[in-house]
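# Close look at the chain arrangement
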Amino acid sequence: MAAGMLHRRRFAIGLILGLIVGLSVLFALYREARNEIASQAAERSGIISLLSLTQLVSETGPSGDAMRQAVSAVASSDSSLKKISVIKGVSLEASTVPQDSAPRRLKRDEKPIFDLGQRLRAAVQTNREEQVARKNEIEIQQIDNGALRLAAPVEEEGSVTGFVMIETSPSAKPSPPSIVTPIIVGLIALAVFLAVGFLFGEKRTALAILALVILSAALAAYGMMVKRATEADNMSVENKLAKQLSEQSTRSAGLLTQLGITPKAQAKPGLWDADVYRTPRGILTDQGTINKTVLAKKEQSFEQQVNKFQIGILVLCLAILAFFGFGVASKLIQTIVLNRQAYLYVTPAMVAMLVLVFFPFLYGIVLSFTGSTLYNTEKPLTEIWTGLRNYYDILGDFSIVKRSDQGISINFQNFYWTFLFTVVWTFCNVTIGVVVGLILALILNTKGLALRPLYRVLLIFPWAMPNYITALIWRGMFHQQFGVINQIIQLFGGTPVSWFEKPFTSFLTALTTNGWLSFPFMMVVSLGALQSIPSDLYEAARVDGASRWQQFRSITLPSLKPALVPAIILSVVWTFNMFNIIFLVTAGEPAGSTEILITQAYKIAFQQYRYGYAAAYSTIIFLILLVYGSIQNKLTKATEAIA
Amino acid sequence: MKERPGTDEPSHLPLHIFLIIFTFLSLYPIFWVFTIAFSGQQSLAIADVPANATFVERLRAIIPWPKEFSTSNFVSVMKDQPFARWLLNSAIVAAATTVVGVFLACTAAYAFSRFIFPGRRAGLMSFLVSQMFPGTLMLIPLYIILVKWLGLGSSRIGLVFVYATVSIPFCVWMLKGYFDTIPKELEEAAIMDGASPGTIFVRIILPLAKPAVAVTALFSFMTGWNEFILAATFMDKEVMYTAPVGLRFFVGGFSQQWGYFAAGSIIVSIPVVALFMFLQKYLVSGLTAGAVKG
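These notes cover the structure that comes with them. (Residues numbered from 1 in each chain as written. Chains lettered and ligands numbered in written order. Predicted model: local features only at pLDDT ≥ 70, side-chain atom pairs only at ≥ 80, totals over all residues. Heavy atoms only, no water.)

It is worth spelling out the packing of aromatic side chains at this point. Tallied over the full model, the rule gives 57 aromatic pairs over all chains. Between Phe-415 of chain A and Tyr-617 of chain A the ring centres are 5.6 Å apart and the planes differ by 80 degrees, which places this aromatic pair in the edge-to-face class. Taken together, the residues Phe-415 of chain A in helix α10 (residues 415–444) and Tyr-617 of chain A in helix α19 (residues 611–642) connect sequence positions 202 residues apart. Per residue, the accessibility class of Phe-415 of chain A equals that of Tyr-617 of chain A, and both read buried. Centroid distance Trp-463 of chain A to Phe-521 of chain A: 5.3 Å. Interplanar angle 65 degrees. Geometry classified as edge-to-face. Taken together, the positions of Trp-463 of chain A in helix α11 (residues 452–464) and Phe-521 of chain A in helix α14 (residues 503–531) put the pair 58 residues apart, joining distant regions of the chain. Phe-521 of chain A shares its class with Trp-463 of chain A; the two are buried. Members of the aromatic cluster, connected to one another through ring pairs, are Tyr-468, Phe-579, Phe-583, Tyr-602, Phe-606 and Tyr-611 of chain A together with Tyr-143, Phe-228 and Phe-234 of chain B. Above the plane of the ring of Phe-500 of chain A lies Arg-475 of chain A, whose end atom (NZ or CZ) is 4.3 Å from the centre. Sitting over the ring of Tyr-613 of chain A, Arg-610 of chain A keeps its end group 4.1 Å from the ring centre. (Phe/Tyr/Trp six-rings, centres within 6.5 Å; stacked < 30°, edge-to-face > 60°. Helix = DSSP H or I, 4+ residues; strand = E, 2+ residues; numbered from the N terminus. Buried < 20%, exposed > 50% of the residue type's maximum accessible area, 1.4 Å probe, protein only. Lys NZ or Arg CZ within 6 Å of the ring centre and 35° of its normal.)

Before going further, it helps to examine the nonpolar core. Ranked by internal contacts, the top residues of the largest apolar core, which has 186 residues, are Trp-425 and Tyr-617 of chain A together with Trp-32, Phe-112, Phe-250, Phe-261 and Val-268 of chain B. Not counting the four nearest positions on each side in its chain, Phe-261 of chain B is found in contact with Ile-469, Leu-472 and Ile-473 of chain A together with Leu-247, Phe-250 and Val-251 of chain B. In terms of nonpolar packing, the next biggest core, distinct from the first, is built from 36 residues, Leu-51, Leu-241, Leu-245 and Ile-290 of chain A among them. (Core = buried A, V, L, I, M, F, W, Y, C linked by side-chain atoms within 4.5 Å. Contact = heavy atoms within 4.5 Å.)

Taken together, Ile-179, Val-180, Ile-183, Ile-184, Leu-187, Ile-188 and Val-192 of chain A make up a surface patch of nonpolar side chains, about 630 Å² in accessible area. If you trace the backbone, Ile-183 of chain A turns up in helix α4 (residues 180–200). (Patch = residues over 30% accessible without salt bridge, like charges linked within 9 Å, V, L, I, M, F, W, Y side chains within 5 Å. Areas by Shrake-Rupley, 256 points an atom, 1.4 Å probe, with all protein chains shown as cover. Salt bridge = Lys/Arg side-chain N within 4 Å of Asp/Glu carboxyl O.)

For the rest of this paragraph, the subject is the interface of chain B and chain A. In this complex, chain B contributes 90 residues to the contact, which on the side of chain A involves 89 residues. Here chain B and chain A share zero salt bridges between them. Scanning the region where chain B abuts chain A turns up seven residue pairs in polar contact (both at pLDDT 80 or more). With 16 residues, helix α2 (residues 12–38) of chain B is the largest single contributor of residues to the side of chain B that touches chain A. Of the residues assigned to the side of chain B that touches chain A, the class counts are 67 nonpolar, 19 polar and four charged. (Polar contact = N/O pair within 3.5 Å; in protein donor to acceptor, adjacent residues only side chain to side chain. Nonpolar A, V, L, I, M, F, W, Y, C, P; charged D, E, K, R; others polar.)

Listing the buried residues of helix α13 (residues 484–491) of chain A in full gives Val-484, Ile-485, Asn-486, Gln-487 and Leu-491 of chain A. Where the residues of α13 of chain A are buried, they touch α12 (467–477) of chain A together with α2 and α3 (55–60) of chain B. Looking one or two residues past α13 of chain A, Gly-493 of chain A carries a phi angle of roughly 85 degrees, positive in sign.

We now examine the pattern of salt bridges. All names here are of chain A. If you walk through the whole model with that rule in mind, you get 21 salt bridges over all chains. Taking the shortest distance from any N to any O, the salt bridge between Arg-119 and Glu-139 comes out at 2.8 Å. Note that Arg-119 is positioned in helix α3 (residues 111–130) and Glu-139 in strand β4 (residues 139–142), a separation of 20 residues in sequence. Owing to a relative accessible area of 23%, Glu-139 belongs among the partly exposed residues under this scheme.

Put into structure tokens, the structure is as follows:
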């Protein structure tokens, strides 16, 4: 009995939370949609007024008294227009503000207006040349309180000579939709659940199904109401615009007859209802009626979008319902309360790690499946989704060697070249580090060697220096003309080398730099291990007549292994990812041949701005490291098992 | 072959010769930086070499000793160049990183060391795994999140949080290891006296773990002071550069102000080299221990 009560209470809580989330999301979307519809209506209405005016001005010509008369007639008859001005070249031909005292030349501080005209002319020209609508032929600017400033070009004999600019009156924001409706819907749903749930008693499955049905029904009902209301809003906007269009079209015709001008071309008011590229939307006809088929199509696509949204919201709410209803939430809360001390201490670090390490990591992996670049980071990921395309482009490109007229050349941008280079780079560096470090450690470990601590401290210096400084120093020393290395070569009669012009010499510079800064680590590690070898081992060996080489092989090396192996493992990963040295010493020169994987990924991201591609590249690097890590893990475990 | 104290001494001479030459060679780049820094010039050549130079003239060009001794590079890099500002940025970033990093690492390490709770193992493992994430894979999303979404480009706050977070796993593992060695009996006594976990943490654990906390702090400081890629990517505005980005600014691209670079490098390096010398034995044991566990 008690458990049953618990079930009902849990499902009720889940239902309430699901309803709150679902209904408020729908409510917020509805409010947004209403604002959007209103602002689009204001924009369209503005464009219609603007284009009807441009049509009028192109009949009268952008200068002259007839045009000024027409403009002032329109301004006095239309209260929705606060200001109209007509500009041709550098002169203000007409303005409905008396202080402007048109016609006159534009003043110096009116340069933005002149520039606007230039922009419009360039836009029309570009769009015509390219045969596409790429640049805005109508400029729209928000002024305060929802008032708009719009400008459109005026053409004379096929070329843009001036433009018309209007300012509309502020439009009232639409009243927010009633909040009572969703509350009532929610309360009804809850009441039904409580009433029917009372009849059902304590059966968990029945309660779950009931809650599911009620939640879905409530969301669907409110969703339907919202959809209906939005459609009605849309329809009333279309009707209003159609009315405006037919009014303005009669007014234009009347004005032209009044001024005694015979129209050069048949007016096509249907074209006035256009987007910013002056492409007609096709919803309103020349007669000022609504084209039902176009409107129906538009509504259909809108409805599909809404349905998608609704399904998403429903899934989210059902997840909430299940989370609370089946007691996952209460168990979670219990655990948290029980261990609240521990979670209190661990939360700050965990939140920081989640936000700045784990989320970016996952986001990076998601990005690797998109065509994200600098220019489309604002777009939703679904729009730029490309699937495995990036991976295919990186891993499926085997054209490492190119044959051309000059012979064979290597494509240094190819992934496999860079990978091969990285492996060679890592191998050489670790070998150099271990050999040099070990030799130095063996020498320093000599018994009774004077000044040993001094040598040790001095030899650690290369490791202690910040590595970006080291890299820049070596870059300077390898300078072709003034660098010290070439001076030394010349001192012994050689010719100076252009280090960064051939892949091999460029590789040598990076290798030298990295070797210089990595041997101290190996030295310190080896020295520590050597000093911990008990000296009686060697004495015993000597008594047995072992040579120095035999002692080294059977005592020194095995004792070094526990310290050296982890150091090597670590230094392989370090060198594999040694960004600073490659980036600052060779910078990939020549032609990207000395790029390692990680610097290549950086360049793709921050010099070519192909974020998605670079993310895929980095994910591949991560997988390589992962494979390396697991192999290394297995190997060390195997050796441990043998030992 | 036989070991006798008397006969051992002379055999060290070749070793000393080798060590002296090797040490000189391995310190040569550092001598070189000092030479350029104190030369009072921007050139990266130690001495001008005429077209038909004699052996002595060429030799002069590689001996790391300035022709004229001058501290003008140090004075003007601090006064005429914005380097003092960049140093200040670095100092602020590194100091804030230390404070934030130590706080986050200490609290988390305490929880991992002293409490058994669901998610403990997963949390510790996730810290280890995160060390494998390659820098650039993090860099692109971090750039989009911090610069494009949060508008924290060219801001020190963004950099501080990234640095502090990136150093968490290493610091937590190290501190946890140290906390584990503190005997539980001390806390039990405190609990009997009615102390809360918070009191135990602040009054008992932290004071006892002072050396480890100090090492963690120094490590965080060095992370913030030495980091180059993130700072170079996030800091667009010249006034917000950190010292590493600024140093590269002197000699990167078409700019060839080697004198400023050398003087700046010495100023930047002195604190880290000193810290490093002090820290190296902890670093070596911490790093190799981490590798064994991983």
